[in-house]
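One letter stands for each residue in the lines below.
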Amino acid sequence: MSDTVSKAKETRLFLFLVIFLFPILSVAIVGGYGFLVWIIQIFAGPPGPPG
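Residues numbered from 1 in each chain as written. Predicted model: local features only at pLDDT ≥ 70, side-chain atom pairs only at ≥ 80, totals over all residues. Heavy atoms only, no water.

Draft legend 1. Local environment of the UniProt feature "transmembrane region" (unreviewed entry) in the protein. According to UniProt, the "transmembrane region" (unreviewed entry) feature falls on residues 12–40. Along residues 12–40 one finds 100% helix and 0% strand; the C-alpha atoms at either end are 41 Å apart. (UniProt positions renumbered as here; feature names shortened; annotations may be inferred. Helix = DSSP H or I, 4+ residues; strand = E, 2+ residues; numbered from the N terminus.)

Draft legend 2. Inspection of the packing of aromatic side chains at higher detail. A complete count under the given rule lists 2 aromatic pairs for this structure. When the centroid spacing of 6.0 Å and the interplanar angle of 35° are considered together, the rings of Phe 16 and Phe 20 count as tilted. Here Phe 20 and Phe 16 lie together in helix 1 (residues 2–44), a separation of 4 residues that amounts to about one turn. On the accessibility criterion, Phe 20 (47% relative accessible area) is partly exposed. Ring centres of Phe 35 and Trp 38 lie 5.6 Å apart, and the angle between their planes is 55°; on these two criteria the pair is classed as tilted. Pair noted here: Phe 35 and Trp 38 are both in helix 1, with a separation of 3 residues, about one helical turn. (Phe/Tyr/Trp six-rings, centres within 6.5 Å; stacked < 30°, edge-to-face > 60°. Buried < 20%, exposed > 50% of the residue type's maximum accessible area, 1.4 Å probe, protein only.)

Now the structure itself:
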């Protein structure tokens with residue numbers, strides 16, 4: 001009985017990770033990186049040779 005309950009919990013945890021946590025984390029990481037690049041470019045200017 002306990003084995004069945006733990007498998008059900010494990011399946012629910014896996015579905016939570018795949019459906020909710022990983023997509024939210026990936027959007028947050030990419031968005032955070034884009035925001036960081038944007039802030040750096042505000043202070044340092046766009047990339048490329050000075051001209």
